[in-house]
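Observations on the three-dimensional arrangement
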Amino acid sequence: FDGTLSPGNMQEYAFIQATGMSAKEFWTENTEKAKSQDADQILTYMFLMLQKAKGKGISLKRSQFKEFGKSVELFNGVEDWFDRINEFGKSRDVIVEHYINSSGLKEMIEGTKIAKKFKKIFACSYLYTVDGIAEWPAVSVNFTNKTEFLFKINKGIDSVYESKKIN
């Protein structure tokens with residue numbers, strides 16, 4: 001999603017501004033934390049989002065992530081590309097399905113103008129408390145485990161949880 005459908009990282013469009021940080025400050029802190037802890041940078045950005053939001057009194061409910069997602073910029077032509085390619089496929093008797101396989105946040109992608117164009121969104125996401133507030137990563141999608149989701153798509157599996165059908 002980030003850098004493919006959108007010119008930047010989705011966190012940079014509204015979330016980081018809401019914390020009072022610049023994108024450079026946020027990503028520098030993320031890199032330093034990952035380096036100093038020898039940690040996965042996807043998990044550290046998810047941790048920092050929780051930490052920075054809490055520090056600024058920002059409630060991170062699924063609905064708030066979707067609100068942040070509404071501000072994500074898309075490259076020119078992206079909004080109507082899916083309908084155009086679907087029509088082209090239809091004219092050739094080809095069924096076209098669209099998926100997201102992203103290190104970005106599923107909850108924010110769900111807030112974008114194009115969210116309904118995808119059969120399934122495989123992306124980072126959070127676990128939520130009984131009050132609906134994000135508290136811990138549920139799914140982390142990094143450059144290595146993106147292949148797992150490609151296998152799932154290929155096998156027709158639309159669940160992160162499902163692991164038996166893949167074999």
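Source: prediction; values computed, not measured.

Phi is positive for aspartate 38, close to 50°, though the residue is something other than glycine. Along the chain, the position of aspartate 38 falls in the loop between helix H2 (23-37) and helix H3 (41-55). The backbone of aspartate 93 shows a phi angle near 55°, a positive value even though the residue is not glycine. Of note, aspartate 93 is situated in the loop between helix H5 (78-91) and strand S1 (99-105). A relative accessible area of 76% means that aspartate 93 is categorised as exposed.

To continue, consider the pairing of strand S3 (residues 134-139). Note: strand S2 (residues 120-128) against S3, four bridges, orientation antiparallel. Bridge pairing in S3 links serine 125 to valine 139. Taken together, S2 and the strand that follows it, S3, pair antiparallel across an intervening segment of five residues, in which glycine 132 is found at a positive phi of about 80°.

A full pass over the atoms with the stated rule returns eight aromatic pairs. Both rings, one in phenylalanine 15 and one in phenylalanine 68, keep their centres 5.6 Å apart while their planes meet at 85°; by these two values the pair is edge-to-face. A residue pair is termed long-range when its members are at least 10 positions apart, and phenylalanine 15 in helix H1 (residues 15-19) and phenylalanine 68 in helix H4 (residues 62-70) qualify at 53 residues. Judged on exposure class, the residue phenylalanine 15 and its partner phenylalanine 68 are both buried. Plain terms: the ring middles of phenylalanine 65 and tyrosine 126 are 5.4 Å apart, the flat faces sit at 10° to each other, and that makes the pair stacked. Taken together, the positions of phenylalanine 65 in helix H4 and tyrosine 126 in strand S2 put the pair 61 residues apart, joining distant regions of the chain.

Rules used in this analysis
Residues numbered from 1 in each chain as written. Predicted model: local features only at pLDDT ≥ 70, side-chain atom pairs only at ≥ 80, totals over all residues. Heavy atoms only, no water. Helix = DSSP H or I, 4+ residues; strand = E, 2+ residues; numbered from the N terminus. Buried < 20%, exposed > 50% of the residue type's maximum accessible area, 1.4 Å probe, protein only. Pairing = 2+ DSSP bridges. Phe/Tyr/Trp six-rings, centres within 6.5 Å; stacked < 30°, edge-to-face > 60°.

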